[in-house]
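Residues per chain are reported as follows:
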Protein chains: 2
Amino acid sequence: MAHDIRIVTEAELRAALSLDLTMVEVIERAFAALAEGGVVMPPILSMELPQVHGEVDVKTAYLPGFDGFAIKVSPGFFDNPKLGLPSLNGLMILLSAQTGLVEAVFLDNGYLTDLRTAAAGAVAARHLAPERVETAGVIGTGVQARLQMQAAHLVRPFTRLLVHGRDPARAEACAADLSRLLGVPAEVRAEAASLLADSQLVVTTTPARSPVVMADWLHPGLHITAMGSDQPGKNEIEPRALIAADLYVCDRVSQCELSGELEAAVLQGLWTRGTPPELGQIVAGQHPGRQRVEEVTIADLTGTGAQDTAIASHVRRLLGQTGTLIRA
Amino acid sequence: MAHDIRIVTEAELRAALSLDLTMVEVIERAFAALAEGGVVMPPILSMELPQVHGEVDVKTAYLPGFDGFAIKVSPGFFDNPKLGLPSLNGLMILLSAQTGLVEAVFLDNGYLTDLRTAAAGAVAARHLAPERVETAGVIGTGVQARLQMQAAHLVRPFTRLLVHGRDPARAEACAADLSRLLGVPAEVRAEAASLLADSQLVVTTTPARSPVVMADWLHPGLHITAMGSDQPGKNEIEPRALIAADLYVCDRVSQCELSGELEAAVLQGLWTRGTPPELGQIVAGQHPGRQRVEEVTIADLTGTGAQDTAIASHVRRLLGQTGTLIRA
């Protein structure tokens, strides 16, 4: 029996959707669902294509209480820039949680992933950063550096912003963009240590394979969200810092131990605290978040299919008649 | 950078594409590629959703020599018939093997899967069935019963057809349809043993969880293709028959031992012949197929991502301007 499928392009999605507190709350609800049981989130289907310097990940998750579930296809082809094409692309499919019928195809080229990743940073900041954040810092100068600071500002309206990146020109551009977007002064720091020293909230957004934040730089009242590691071998935070912190939190333990900051700490035999708590357990009140202003907290975000399902469902509600209907 | 994505519906695909020898040869080439190395075919992403009596499988494969690769999403929601909807649905995405860009979305509701599954049956028959098949038999009376016999007739133009199914009325309807489609007499057999006894080529197309073909029914000059098992616990052929046959062939050993006929034979400790050959090795000339007319051969087909990539690439070439172009 034919039914209508809504096809929505990146441009249409950008016009319909932006990063706001409602979106943060939708993603927060996805994390709570992860902790509350009944979620079905299979391991990521990951296909390495060394022949073409590419990779493809497929993520999905079924969350009780959501009408639909998303299946996300994320290709990364790293020779594309030589052809004038972006490395990252992909789409998200929304299926009915009742019938499995395809309801929508979001040809988003990764835009929805960008948003749900930033929103998870805001969820982490809301539950783990000190109540008062005057200065926020970001390490990295790409799309996520910008979006993570916008998301953090929704829940911790800081009044100063610091940027550190390997390329000073890109760091200056990122600081200028964020200063304009958020209406706060933003400055570039040539040394990551200096950025850490002056910030209460730091987000790392790099593809680093050796740490960009050292354990010795931790100080009372600091929260760090590390969102760059999403593959085995990536590592942004010196493993010793995970033990030095008062609280280290995973988005999903099973993913962080394979491809997050936890991976290196476990490999080096440093992690001795058993199973770390998950962000969803903190959201759901099953585990305390930050308890005192002077604590040091670290959130390790690898990205979950639960976030994809949550944002795809959220978008579907917002879209109204946007997109092209195809009867299939 | 925006690019065009072709969206094609099931109705458009049905108009553009049919089961023919060219398609069989495309699928045959996919099997050869599986044997020749360089293929990347990750394990199936399989999500069980007992809460809603559903399941979703995602399959993919990269094949050297193919311009694109497919990612296929196959939901099965088994309460759908109560709502007047089919249980099986889904779509196939074709991505460029060079850039990872999405090139086409085939909203096929499983039609391409039906075709590539039937074409694999023809590949098995071509390499394993006796040269001369006068009578072909099919066990099962659904879509695959019809398509498997149409596919087999392309490579072994039999002159008589036998049908067996649990429901006599459905068996009669299937026989009538096939007789008309193929222009050969078709009769229903109430006993599967009688169908086996009189056939040189038999295809089983059932979701059986206990055998519908017994080892004692094997006879010289018989080929059986079992294509119904695709989940752990399914079993169409009595495990002892796999040992009794002269040649037992998997589409993919790693899948057949988890969810094909091999599963039960291994679980019962009956399989003692080491790693069985794969159909691709026979197609590629790396392992002999049928060597003598009196041999008994069995092919175990669970369905591979390689077939999806092959048929999606084939369809893309045939489509011309069919479908809706979306700039995304």
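Residues numbered from 1 in each chain as written. Chains lettered and ligands numbered in written order. Predicted model: local features only at pLDDT ≥ 70, side-chain atom pairs only at ≥ 80, totals over all residues. Heavy atoms only, no water.

### Re the overall build of chain A
At step 1: For chain A, the count of helices and strands is 11 helices and 14 strands.
At step 2: Against the globule reference of 20 Å for 328 residues, chain A gives a C-alpha radius of gyration of 19 Å, in line with a compact fold.
At step 3: For chain A, the spread of C-alpha atoms along the principal axes amounts to about 60 × 40 × 40 Å.
At step 4: The burial tally for chain A puts 62% of its 328 residues in the buried class.
At step 5: Residue pairs in contact within chain A that sit at least 24 positions apart in sequence constitute 72% of those at least 6 positions apart.
At step 6: Accessible surface, chain A as shown: approximately 12200 Å² in total, 52% of it carbon and sulfur.
At step 7: Distance from the positive charge centre (26 side chains) to the negative charge centre (37 side chains) of chain A: 3 Å. (Helix = DSSP H or I, 4+ residues; strand = E, 2+ residues; numbered from the N terminus. Rg over C-alpha atoms; globule rule 2.2 N^0.38 Å. Buried < 20%, exposed > 50% of the residue type's maximum accessible area, 1.4 Å probe, protein only. Contact = heavy atoms within 4.5 Å. Areas by Shrake-Rupley, 256 points an atom, 1.4 Å probe, with all protein chains shown as cover. Lys, Arg positive; Asp, Glu negative; His and termini not counted. Charge placed at Lys NZ, Arg CZ, Asp CG, Glu CD.)

### Brief notes about the domain arrangement of chain A
Residues and elements named next belong to chain A.
At step 1: Considered domain by domain, chain A is made up of domain 1 (4-113 + 306-327) and domain 2 (130-303).
At step 2: Measuring from the centre of the C-alpha atoms in domain 1 to the corresponding centre in domain 2 gives 24 Å.
At step 3: On the side of domain 2, 17 residues touch domain 1, which itself brings 17 residues to the contact.
At step 4: Here domain 1 and domain 2 share an interface that buries about 1400 Å² over both sides, 63% of which is from carbon and sulfur atoms.
At step 5: The three residues of domain 1 that bury the most area against domain 2 are L19, F31 and A35, which together make up 35% of that side's buried surface. (Domains from an automatic or database assignment. Buried area = accessible area lost by both parts, 1.4 Å probe.)

### Side note on the packing of helix α4 (residues 143-155) of chain B against helix α5 (residues 168-182) of chain B
Residues and elements named next belong to chain B.
At step 1: Two elements in contact, α4 and α5, have axes whose closest approach is 10 Å; the angle formed by their N-to-C orientations is 30 degrees. Relative to α5, the element α4 is oriented roughly parallel. Handedness of the crossing formed by α4 with α5: right-handed. Residues A145, R146, M149, Q150 and H153 of α4 lie in contact with α5, whose contacting residues are A173, C174, D177, L178, L181 and L182.
At step 2: Residue composition of the contact of α4 with α5, by class: seven nonpolar, two polar and two charged. (Axes fitted to C-alpha atoms, helices over the stretch in contact; angles between N-to-C directions. Parallel < 35°, antiparallel > 145°, perpendicular 65-115°, else oblique. Left-handed = near helix turned anticlockwise from the far one by under 90°. Nonpolar A, V, L, I, M, F, W, Y, C, P; charged D, E, K, R; others polar.)

### Observations regarding the interface of chain B and chain A
At step 1: The partner chain A presents 48 residues to the 48 residues of chain B that form the contact.
At step 2: Summed over both partners, the interface of chain B with chain A buries about 3900 Å², with 77% contributed by carbon and sulfur atoms.
At step 3: The tally of links between chain B and chain A comes to zero salt bridges.
At step 4: Across the chain B-chain A interface, the total number found is six residue pairs in polar contact (both at pLDDT 80 or more).
At step 5: Of all elements in the fold, only β1 (4-9), β2 (45-49), β3 (54-61), β4 (68-77), β5 (91-96), β6 (102-107) and β14 (324-327) of chain B reach the threshold of two or more residues within the side of chain B that touches chain A.
At step 6: Split into classes, the residues belonging to the side of chain B that touches chain A amount to 31 nonpolar, 15 polar and two charged. (Salt bridge = Lys/Arg side-chain N within 4 Å of Asp/Glu carboxyl O. Polar contact = N/O pair within 3.5 Å; in protein donor to acceptor, adjacent residues only side chain to side chain.)

### Things to note about the sheet that holds strand β14 (residues 324-327) of chain A
Residue and element names in this part refer to chain A.
At step 1: Here seven strands make up an open sheet; going across it, the order is β2-β3-β4-β5-β6-β1-β14 and the pairing mixed. Strand pairing shows two members of the sheet lacking a second neighbour, β2 (45-49) and β14, which therefore form its edges. Averaged over all pairs of adjacent strands, the angle between their axes in this sheet comes to 15 degrees, without regard to strand direction.
At step 2: Sheet topology note: the strand β1 (residues 4-9)/β14 ladder contains four bridges and is antiparallel. Across the sheet, the residue bridging to I5 is I326, located in β14.
At step 3: The strands that helix α11 (residues 305-319) touches are β1, β3 (54-61), β4 (68-77), β5 (91-96) and β6 (102-107); relative to β4, the one it contacts most, it runs at about 110 degrees. (Pairing = 2+ DSSP bridges.)

### Topic: unusual backbone geometry
All names here are of chain A.
At step 1: Positioned with a positive phi, H53 is a non-glycine residue whose angle comes to about 50 degrees.
At step 2: Looking at the secondary structure, you find H53 in the loop between β2 and β3.
At step 3: For H53, a relative accessible area of 42% gives the class partly exposed.
At step 4: One non-glycine residue, N109, lies in positive phi territory at about 50 degrees.

### A few points about the nonpolar core
At step 1: Core analysis: the largest hydrophobic core is formed by 69 residues, its most contacted members being F106, L112, M149 and F158 of chain B.
At step 2: Here this core gets 11 residues from one element, more than from any other, and that element is helix α3 (residues 111-128) of chain B.
At step 3: Lining this core are residues from two domains, each supplying at least three of them: domain 1 (4-113 + 306-327) and domain 2 (130-303) of chain B.
At step 4: Discounting chain neighbours no more than four positions away, the residues touching M149 of chain B are A136, G137, V138, F158, L161, L178, L182 and V203 of chain B.
At step 5: Core analysis: the next-biggest nonpolar cluster, separate from the first, contains 67 residues, I27, A151, V203 and M227 of chain A among them. (Core = buried A, V, L, I, M, F, W, Y, C linked by side-chain atoms within 4.5 Å.)

### A closer look at the relation of the copies chain B and chain A
At step 1: For the pair chain B and chain A, the superposition axis carries a translation of 0.0 Å, the fit reaches an RMSD of 0.0 Å, and the rotation angle comes to 180 degrees. On this basis, the relationship between the two copies can be described by a two-fold rotation axis. No C-alpha of chain B approaches the rotation axis more nearly than that of L45 of chain B, which lies at 2.9 Å.
At step 2: Counting the interface residues of chain B, we find that 100% of their copies in chain A are interface residues as well, pointing to one common contact surface. (Least-squares fit on C-alpha atoms with pLDDT ≥ 70 in both.)

### Some details on the pairing of β1 of chain B
Residue and element names in this part refer to chain B.
At step 1: In terms of burial, β1 is a largely internal element, five of the six residues being buried.
At step 2: Pairing analysis gives four bridges linking β1 to β6, with the strands arranged parallel. What sits directly across from R6, in β6, is A104.

### With respect to the side chain of Q144 of chain A
All names here are of chain A.
At step 1: Among the secondary structure elements, Q144 is positioned in helix α4 (residues 143-155).
At step 2: The class of Q144 is buried, set by a relative accessible area of 12%.
At step 3: Within the local environment of Q144, its side chain forms a polar contact with the backbone oxygen of D114, the two atoms lying 2.9 Å apart.
At step 4: Every residue in contact with Q144, bar those within four places of it in the chain, is listed here: D114, T117, A118, T205 and M227.

### Side note on α4 of chain A
All names here are of chain A.
At step 1: With 13 residues, α4 extends 19 Å from end C-alpha to end C-alpha; this agrees with the ideal 18 Å at 1.5 Å per step.
At step 2: Turning to α4, its buried residues number three or more, namely Q144, A145, R146, L147, Q148, M149, A151, A152, H153 and V155.
At step 3: Of the surrounding secondary structure, the elements contacted by the buried residues of α4 are α2 (21-36), α3 (111-128), β7 (135-139), β8 (160-164), α5 (168-182) and β10 (201-204). (Expected span 1.5 Å × (residues − 1).)

### Digging into the sheet that holds strand β12 (residues 247-250) of chain A
Remark on secondary structure: sheet strands pair via backbone hydrogen bonds, oriented parallel or antiparallel.
All names here are of chain A.
At step 1: Reading across from one edge, β9-β8-β7-β10-β11-β13-β12 is the order of the seven strands in this open sheet, with parallel pairing throughout. Only two strands of the sheet have a single partner each, and these edge strands are β9 (186-188) and β12. The sheet shows a mean angle of 15 degrees between the axes of neighbouring strands, direction not considered.
At step 2: Strand direction decides the pairing type here: β7 and β8, joined by five bridges, are parallel.

### Some points on the packing of α3 of chain A against α11 of chain A
Residues and elements named next belong to chain A.
At step 1: The interhelical angle for the contact between α3 and α11, taken along N-to-C directions, is 115 degrees, at an axis separation of 10 Å. Of the possible angle classes, the one that applies to α3 and α11 is roughly perpendicular. You can see that α3 and α11 cross each other, and the crossing is right-handed. Residues L112, T113, L115, R116, T117 and A120 of α3 pack against Q307, D308, I311 and V315 of α11.
At step 2: Split by residue class, the contact of α3 with α11 holds five nonpolar, three polar and two charged.

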